[in-house]
There are 2 protein chains.
Amino acid sequence: MIDRKSPVPMYYQIEQYIEQLIESRNLKSGDQIPSEREFTDQFHVSRMTVRQAVMNLVHSGVLVRIKGKGTFVSNQNKIEKSLLGLNGFSEDMISRGMKPGSFMMSFARIRAAAKVADRLALDEHDDVFEIKRTRFADDEPMAIETSYIPAKMVPDLTEDQVSPSLYQYIERQCGLPFDHAVQSIEASVVTAEEAKILAIPKGSPILLIERCSYLKNGRPIELTKSLFRADRYKFMVKLPRG
Amino acid sequence: MIDRKSPVPMYYQIEQYIEQLIESRNLKSGDQIPSEREFTDQFHVSRMTVRQAVMNLVHSGVLVRIKGKGTFVSNQNKIEKSLLGLNGFSEDMISRGMKPGSFMMSFARIRAAAKVADRLALDEHDDVFEIKRTRFADDEPMAIETSYIPAKMVPDLTEDQVSPSLYQYIERQCGLPFDHAVQSIEASVVTAEEAKILAIPKGSPILLIERCSYLKNGRPIELTKSLFRADRYKFMVKLPRG
DNA sequence: AACGTATAGATGTCTAGACATGTACTTCTA
DNA sequence: TAGAAGTACATGTCTAGACATCTATACGTT
């Protein structure tokens, strides 16, 4: 179970062992894991080494410790998790218990406008894919979304690949791992045209969300501007301690 | 510097000492902090105790360690940090390069309304402090803020303590460490009364932000509802990888 | 000048204990 | 029967070391 001769530190092997127990559903949310003493006996390592493994998992939110009681698998549910992380529209709607839908209004390869080129750190003459979609939740229009993606990063992008999940295509097919996104949220009121698409009265308040996603290497990979109906959509986010 | 008789653990005292060095700009971004050995000599504690303090700050992103070289203050710049973390109005405005101001409209100890009691996990008959403030940025009204704090958690709260920094009072004076906050952001339009306070036209769009802060022990400690002028304020957030 | 070795000093991993504190339960006592 | 005391066991804090590994530098040797 634990290889003392391995160059992989023992505390890390124990970490992986615990995570694997959770992954394989041998331990479920809220379950108590073996005590430090039990791990000490099981793996023949000192208590401090067990603690190092367990504390790492506590810091990353996988486990929760309660003094005098024990250590438990975090029941940080999916909705909490989705508040913390980077998700596309579909994942967002699913975590809210709604059925996501999408209608592509246009898909084109165009020269990047100055503002877009600036945000995506491109030269003026570089191309981007521009994807305009109306987004639905439970078959009602929820948002208007316009995405820009540098053509040189994802040269073979087609309309078909966008539909299932743009994020998964970029991450898995292209092997470009996401790192984080910076999002800005403003309030505004709809124009007549937007009101028509979203099926809401003229002058209704809307949430204007702009998101720029970055890869692990620091390069921006996607800029998305979204207009959400304010009567149906509330943006939620969980902020860790400052 | 370090009080061995204090019930506050030594590793935590060391944590606060290091954070204070950074706060007071004695240590700047990228600076190397004293080595574990030096702290051991300075505070007469064992190396493992120093490590516990330092590793906590590494896990929370304040410090970065490089094997064989040393431990350094994270150069995650302020604006990045403020996007990721939990900040009060004043910190938020300062990180935007504006001068924060505040006018207290009311400060009272009242019975919690049902909605507030629910969010703060209180009984119906529990008291809360209600703090209503108009917030200014560069001497112009920017937001209307109403905060609720359970009276039993902070029984001795007075108007004077709120003014400099409510967060610091709770965290340092009361010894109640924050863990995270959950924030929801909606768009709406102002009422006549609100428009007057914020000095904007009737029917202007506003950002309605509700924040509930939680302590390390999981208990909610603060509920704040804010109305921000949409023409001046944009909410920004950094989302780590999903 | 280029390369390899030695060394100092930093963090990384690990041990085998100690006592403190909180929780749950049992047992004793008034 | 209610409350106090005890006890088992959990995590929390802390020690004084050990050896490993990595970085940077100094110093020889070729």
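Details of the structure are given in the entry above.
Reading guide: rules and limits
Each residue is numbered by its place in its chain's sequence as written, counting from 1. To read the labels, note that chains go from A and ligands from 1, taken in the order they are written. Residue-level local features of this predicted model are given only where pLDDT is at least 70; pairs of side-chain atoms are given and counted only at 80 or more, and the full residue set underlies all totals for whole chains, interfaces and linings. Heavy atoms throughout the structure, all of them, feed into the side-chain values; hydrogens and water do not. Segments assigned H or I by DSSP are reported as helices when at least four residues long, segments assigned E as strands when at least two residues long, and all are numbered from the N terminus. Here the expected length of a helix is defined as 1.5 Å per residue gap, with one fewer gap than residues. A 1.4 Å probe rolled over the protein chains alone gives each residue an accessible area, and that area as a share of the maximum for its type sets the label: buried under 20%, exposed over 50%, partly exposed in between. Relevant arc is that of directions from the helix axis to the C-beta atoms, nothing else. We call two residues in contact when some of their heavy atoms are within 4.5 Å. Two parts lose some accessible area (1.4 Å probe) when they are put together, and adding that loss for both gives the buried area. N or O atoms closer than or at 3.5 Å make up a polar contact, with two conditions inside protein: a donor-capable atom paired with an acceptor-capable one, and, for residues adjacent in sequence, both atoms drawn from side chains. Each residue receives one of three labels: charged for Asp, Glu, Lys and Arg, nonpolar for Ala, Val, Leu, Ile, Met, Phe, Trp, Tyr, Cys and Pro, and polar for the others, Gly being one of them. Strands were regarded as paired on the criterion that DSSP finds at least two bridges between them. Being near a molecule or strand, for a residue, means having at least one of its heavy atoms within 4 Å of it. Criterion for a salt bridge: a side-chain nitrogen of Lys or Arg within 4 Å of a carboxyl oxygen of Asp or Glu. Pairs were defined over the aromatic rings of Phe, Tyr and Trp, the Trp ring being its six-membered one, requiring ring centres within 6.5 Å. Orientation was assigned from the angle between planes: stacked under 30 degrees, edge-to-face over 60, tilted for the rest.

**Description of helix α3 (residues 47-59) of chain A**
Along an α-helix, residues three or four positions apart point the same way, because every turn accommodates 3.6 residues. For α3(A), built from 13 residues, the straight-helix expectation of 18 Å at 1.5 Å per residue is met to within 8% by its first-to-last C-alpha distance of 18 Å. Within α3(A) the residues assigned to the buried category are Thr49(A), Val50(A), Ala53(A), Val54(A), Asn56(A) and Leu57(A). Buried residues of α3(A), viewed axially, fall in a sector of 155°; they line one side. Of the surrounding elements, those touching the buried residues of α3(A) are α1 (10-23), α2 (36-43), β1 (63-66) and β2 (70-73) of chain A together with α3 (47-59) of chain B. Looking one or two residues past α3(A), Gly61(A) carries a phi angle of roughly 85°, positive in sign.

**Remarks on the interface of chain B and chain A**
Think of interface size as the accessible area that goes away when the parts come together; that is how it is often given. Contact with chain B, which involves 34 residues of that partner, is made by 34 residues of chain A. With both chains or domains summed, chain B and chain A bury close to 3200 Å², and 61% of this area falls on carbon and sulfur atoms. Between the two partners, chain B and chain A, sit nine residue pairs in polar contact (both at pLDDT 80 or more). Those elements giving two or more residues to the side of chain B that touches chain A turn out to be α3, α4 (78-84), β6 (178-189), β7 (205-215) and β9 (235-240) of chain B. For the side of chain B that touches chain A, the element with the highest residue contribution is β6(B), accounting for 12 residues. Partitioned by chemical class, the residues of the side of chain B that touches chain A number 19 nonpolar, nine polar and six charged. Pairing of strand β9 (residues 235-240) of chain A with β6(B) involves six bridges; the strand directions are antiparallel. Residue pairing for β6(B): Pro240(A) is matched across the bridge by His180(B).

**As for the environment of Ile14(A)**
Here Ile14(A) shows up in helix α1. Separated by 175 residues in sequence, Ile14(A) and Val189(A) have C-alpha atoms that sit 54 Å apart.

**Side note on the protein's contact with DNA strand D**
Around DNA strand D lies a shell of 25 residues, among which Arg65(A), Met10(B), Tyr11(B), Ser46(B) and Thr49(B) are the nearest. Among atoms of DNA strand D positioned within 4 Å of the protein, sugar and phosphate together represent 70%. For DNA strand D, a phosphate oxygen lies 3.1 Å from a polar atom in the side chain of Thr71(A). At 2.7 Å from a phosphate oxygen of DNA strand D is found a side-chain nitrogen or oxygen belonging to Thr49(B). When residues of the surface near DNA strand D are traced back to their parent elements, those giving at least two are α3, β1 and β2 of chain A together with α1 (10-23) and α3 of chain B. Sort the elements by how many residues they give to the surface near DNA strand D and α3(B) lands first, with four residues. For the surface near DNA strand D, a count of residues per class yields seven nonpolar, eight polar and 10 charged.

**Focus on the pattern of salt bridges**
All names here are of chain A. Considering all chains together, one arrives at 32 salt bridges over all chains under this definition. The partner of Glu-36 in a salt bridge is Arg-51, and the shortest N-O contact between them spans 3.0 Å. You can see Glu-36 sitting in helix α2 and its partner Arg-51 sitting in helix α3, a full 15 residues away along the chain. Residue classification places Arg-51 among the partly exposed positions, given a relative accessible area of 23%. One salt bridge in this structure joins Arg-111 and Asp-127, with 3.1 Å as the shortest N-O distance. Of the two residues, Arg-111 is situated in strand β3 (residues 100-111) and Asp-127 in strand β4 (residues 127-137); the sequence distance between them amounts to 16 residues.

**Quick word on the packing of aromatic side chains**
Applying the stated rule across the entire model yields 12 aromatic pairs over all chains. The rings of Tyr17(A), Phe39(A) and Phe43(A) are connected pair by pair, giving a single aromatic cluster.

Honestly, it's all geometry; don't read function into it.
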